[in-house]
Amino acid sequence: MAIRRLKHTRTHAHACMLQTPLDDFQEELVIRPLHSGDIYASFQFRTVWDADFMGDQKVSHYRLFPKSLGQVITKFSVRELHISFTQGYWRTMQWGQPYLPSPPGAELWVWFQDTVTDVDGTWKELTNVLSGIFCASLNFIDSTNTVQPSASFKPLGIGNVTDHSFLRYATLPREIVCTENLTPWKKLLPCGSKAGLSVLLKSEKLFHSTFHSQAVHVRPVCQDPQCRTTSMELRQTLNVVFDLHTSGQGKREWSLFKMFSRTLTEACPLASSSKVYVDVTDNPQFELSPATPLLTQAVVLGDRRTYSVYDLTQQASFGSSRSLNMLLRWKAADGEMLRPLLHSERYVAGYGLQAGEIHTLIYNHHPYRAFPVLLLSAVPWYLRLYIHTLTVSSKGKDNRPSYIHYQPSKDRERPHLLEMLLQLPPNSVTEVTVEFERALLKWTEYTPDPNHGFYVGSSVISALVPSVVAMDTNSTLDRPLFSSFFPCKEEASYFMRVYTEPLLVNLPTPDFSMPYNVICLTCTVVAVGYGSLYNLLTRTFQVDEPSPGLAKRIANVIRRFRGVPLL
Amino acid sequence: MLLCLTDGGIALFCVNPTSWQIIVFIYIYIYIYIYIYMGNVHSDKAGQFFNSGHTNNWAVLVCTSRFWFNYRHVANTLSVYRSVKRLGIPDSRIVLMLADDMACNHRNPKPATVFSHKNMELNVYGDDVEVDYRGYEVTVENFLRVLTGRLPASTPRSKRLLSDDRSNILIYLTGHGGNGFLKFQDSEEISNVELADAFEQMWQKRRYNELLFIIDTCQGASMYERFYSPNLMALASSQVGEDSLSHQPDLAIGVHLMDRYTFYLLEFLEDIHPSSTTNMNQLFKVCPKSQCVSTPGHRTDLFLRDPGRVLITDFFGSVRKVEITMETINLSSPMEPLPERINCTVHILYMCINKHIIPTAIIMYYVPRQKLLRDVFPCT
């Protein structure tokens, strides 16, 4: 897609105008009906700014690029920043692959520039500042949940860094996403929530969904094909899956109004392109209204899909009612969904509160192709992994990884980091198991609700998956022989990241009323036991005459008057 | 004729004015007298509005309870947050601490909403909310650090209470409490002595001008018993030995939605708008025993002003004091200092005029001071 830049009028001969870098904003919404009846909407807002953050020039004039993020990037010398907040878990087998995967909770990974001397200190300050910007508890990211992956999470933007000491990765699986995170995210958009596609982002509908994920990705991209200068790209993405049954209607029918309780009325005036794509590859099963003549094909995630395009910058898209509300109505039952090629699961096995096992299963559903995957697991220190029990098996046989990077944990300082490069045989399940033992925490280290359990962050599986489109080797397309010898088609393989479920593990939890009980019991024992002994040892006894009868007492009184000795 | 300014018989400054200068002098005095007199007529109305002496407003709103059945405490805090935002205090001046997330809790049948009235009439969570401390961050240590300002260097601005000595601060606490303590998240508590000492630290560091402390817990009055710093006013929902009760459950959500005191406080605050003149005495009457079952209490002995002259919007709103002038001033040329010999008179004039700065609530016309000076003392 050609990028049309907003050109500033250069007829004014002001020196400052020539120095202002160009910026460009695009917004896009993709609606994809899923085979389970749910519907998946993915928003992307992209701002490209031709400013050079890595140079010496101080950037001070912000227009479309949000100032709060720009200042963070400049101050902490950030090359790439990826932060996501997710509520819910992406069900790969029912929904297919997401356009942008994300793990439940919060995930933050950052590549710093090589001018940074103290990466850990800068990382700590950066997490604190981001926690203020996004109203999230990112300040809980510290050395106990930060890892430095050695092979995964290569830079997504340009950059020929190979030194992974400038990379930091952390997840907070317990982090909650709610309106207070959406509000500052919306404030970063050039049009806010006032115009364009962002008017659809109403929290009451967005959070009443099965899956909600919002993310911010900042990375440097090439400005021209020779890549002599770089520009900074900011992508804000929001993925949401609306559930058919909780939206309260029997028949399968979706519309923009039903999903977001709003319709579109205009494009964002600051956007150079504002489009809505609806995935109509399964078109015979549903009808889409209003119809649009624009169709585009794209190969996404290894599959060739067809999309209907609504261009919001054209007034004609809105029709006579000045508002656009797409309606998808299903007529026939669904066909087969293309099975996702890579899928994974993870669970804790074992019983009791002493030991357990973590099992990670990775499924390769490709009929005849094997491909390698990188598995990254970061396990907190209080689950003490026994790496000598690590076994990797596929189809019942041992499968040795070709690359293992393991960094053991240090109590209260670092988590475990395990990275492996595994070769997955075709059409198989690979199982990775490792045993662990649960540690006993100090009583101040427990959260206020310790009986809920402790979370272990998702494992990350990164792979270059062979594409479905490339599965068709006996091509019927008419091509000359010299170009069709090697099986090299467009999009022969695509990059994919799969996140497993987070684990919830119960640690041995003390009874927090124990100090009170112990004090009561000890004091009672001390008082009764020691007190009695003390009395026995220190008590002196005196002989005491019993009190005389009444007659004797009167006689004693008279005797006292007379001065005579008493009875 | 010699006109002299004397101090205890010693002549400090004498002039021998001509008759023309005497007439001018008398004219000035009459003018000033009329002006001050006119000012005084308005000052009865304006008097109660400019005596507070604060220039900015802050609010620290804390909910200390965790778990779904304590929904009402979060709803309490959010309803005060909503009123405070509506009356003008911006998010950058509010520190909101919620110990648990009710809106996006999986038990909430209507996600991203927190209701205060049954039948889901009023959503106090809204669409534009910024929670500064949430979840496990709401601890006694963080609360005291926010109050005293002793935060680590990397704390972002939105999590700091950046008040100065001209700030009026509203502090609202809700949760479960007892005689002399308030429970934070079911795992620790803050005592009334600690709270009083924190306020004393704030006073000594000049972090507030006046402070209004509202607490809605059981035996809430015990929390303000130990205060000893000046300029503190406190309200509590119940006396020592009494329990604060919750208001009404909602059958669809399944929990109690609000506490009684804050429910009636919210109703009272919904009638307040930025230019209202309701004073604190009416706030003390909110939720009498017939409605609240417990007896609300208040403490004003440490407060220097009369509560009847303190506006609700002094603490709950952010009313800016604006001075209206009819003159346009051209600042292209540098300002010339006025001649030395009339300095003291000018100073007196400025002092008189500054006292009559009025809030936007009441728009009045008054004699612009620039015209006064230029007519009488032509700049040389």
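Our structure is the block above this text.
Just so it is clear, the structure is predicted and the values come from calculations on it, not from any experiment.

## Here's the deal with the side chain of Q248 of chain B
Residue and element names in this part refer to chain B. With respect to the element layout, Q248 can be found in the loop between β11 (232-236) and α5 (260-270). Within the structure, the side chain of Q248 is placed 3.4 Å from the side chain of H247, a separation counted as a polar contact. Residues in contact with Q248, not counting those within four places in the same chain, are S116, H117, K118, V255, H256, L257, M258 and F263.

## Digging into the state of the cysteines
Residues and elements named next belong to chain A. In total, this model carries four disulfides over all chains according to the counting rule given. Sulfur-sulfur distance for the disulfide between C191 and C268 comes to 1.8 Å. The chirality of the disulfide connecting C191 with C268 is right-handed, given an S-S dihedral of about 80 degrees. Residue C191 is found in the loop between α5 (179-187) and α6 (203-206), and its partner C268 is found in the loop between α7 (256-260) and β10 (273-279); the two are separated by 77 residues along the sequence. For the pair C191 and C268, a shared accessibility class is recorded, and that class is buried. Here C222 is linked by a disulfide to C227, with a sulfur-sulfur distance of 1.8 Å. One disulfide, between C222 and C227, carries an S-S torsion of -75 degrees and so falls in the left-handed class. A residue is classified by how much of its surface remains accessible, and C222, at 31% relative accessible area, is partly exposed.

## Observations regarding the sheet that holds strand β6 (residues 167-174) of chain B
All names here are of chain B. Taken together, seven strands build an open sheet; the order of strands is β5-β4-β3-β6-β10-β11-β12 and the sheet is mixed. Every other strand in the sheet has two partners, leaving β5 (133-134) and β12 (297-299) as the edge strands with one partner each. One ladder, built from two bridges, connects strand β4 (residues 94-98) with β5; its direction is parallel. Note that in β5 the partner of L98 across the bridge is R134. Against the sheet, helix α2 (residues 71-86) makes contact with β3 (56-63), β4, β6 and β10 (210-216), and its axis sits at roughly 165 degrees relative to β4, the strand it touches most.

## Some points on the interface of chain B and chain A
At the junction of the two partners, chain B supplies 26 residues and chain A supplies 29 residues. When residues of chain B are sorted by the area they lose upon contact with chain A, D127, R134 and Y136 of chain B head the list and together hold 30% of the total. Our count for the contact surface shared by chain B and chain A stands at six salt bridges. The salt bridge involving D127 of chain B is made with K202 of chain A; its shortest N-O contact spans 3.7 Å. Across the chain B-chain A interface, the total number found is 16 residue pairs in polar contact (both at pLDDT 80 or more). Grouping the constituent residues of the side of chain B that touches chain A by class yields eleven nonpolar, seven polar and eight charged.

## Describing the pattern of salt bridges
By the definition in use, this model includes 30 salt bridges over all chains. Among the ionic pairs, R63 of chain A bridges to D23 of chain A, the shortest N-O distance being 2.5 Å. Of the two residues, R63 of chain A is situated in the loop between β2 (39-49) and α2 (67-75) and D23 of chain A in strand β1 (residues 23-33); the sequence distance between them amounts to 40 residues. For D23 of chain A, a relative accessible area of 1% translates into the label buried. A salt bridge links E210 of chain B to R305 of chain B; its shortest N-O distance comes to 2.9 Å. Remark: R305 of chain B occurs in the loop between β12 and α8 (313-316) and E210 of chain B occurs in strand β10; sequence separation between them is 95 residues. The residues E210 of chain B and R305 of chain B share a single accessibility class, namely buried.

## Some points on the sheet that holds strand β12 (residues 295-300) of chain A
All names here are of chain A. Taken together, the eleven strands give an open sheet; going across it, the order is β5-β6-β4-β3-β7-β8-β2-β1-β10-β13-β12, and neighbouring strands pair in mixed fashion. Two strands close off the open sheet at either side, each with one partner strand: β5 (146-147) and β12. Sheet topology note: the β2/strand β8 (residues 230-242) ladder contains eleven bridges and is antiparallel. Looking at the pairing, T47 lines up with L234 of β8. Here α2 sits on the sheet in contact with β3 (78-87), β7 (211-222) and β8, set at roughly 55 degrees to β7. With respect to the sheet, α5 is in contact with β2, β7 and β8, its orientation differing from that of β7 by roughly 30 degrees.

Rules used in this analysis
- Residues numbered from 1 in each chain as written.
- Chains lettered and ligands numbered in written order.
- Predicted model: local features only at pLDDT ≥ 70, side-chain atom pairs only at ≥ 80, totals over all residues.
- Heavy atoms only, no water.
- Helix = DSSP H or I, 4+ residues; strand = E, 2+ residues; numbered from the N terminus.
- Polar contact = N/O pair within 3.5 Å; in protein donor to acceptor, adjacent residues only side chain to side chain.
- Contact = heavy atoms within 4.5 Å.
- Disulfide = S-S within 2.5 Å.
- Buried < 20%, exposed > 50% of the residue type's maximum accessible area, 1.4 Å probe, protein only.
- Pairing = 2+ DSSP bridges.
- Axes fitted to C-alpha atoms, helices over the stretch in contact; angles between N-to-C directions.
- Buried area = accessible area lost by both parts, 1.4 Å probe.
- Salt bridge = Lys/Arg side-chain N within 4 Å of Asp/Glu carboxyl O.
- Nonpolar A, V, L, I, M, F, W, Y, C, P; charged D, E, K, R; others polar.

Geometry only, nothing functional implied.
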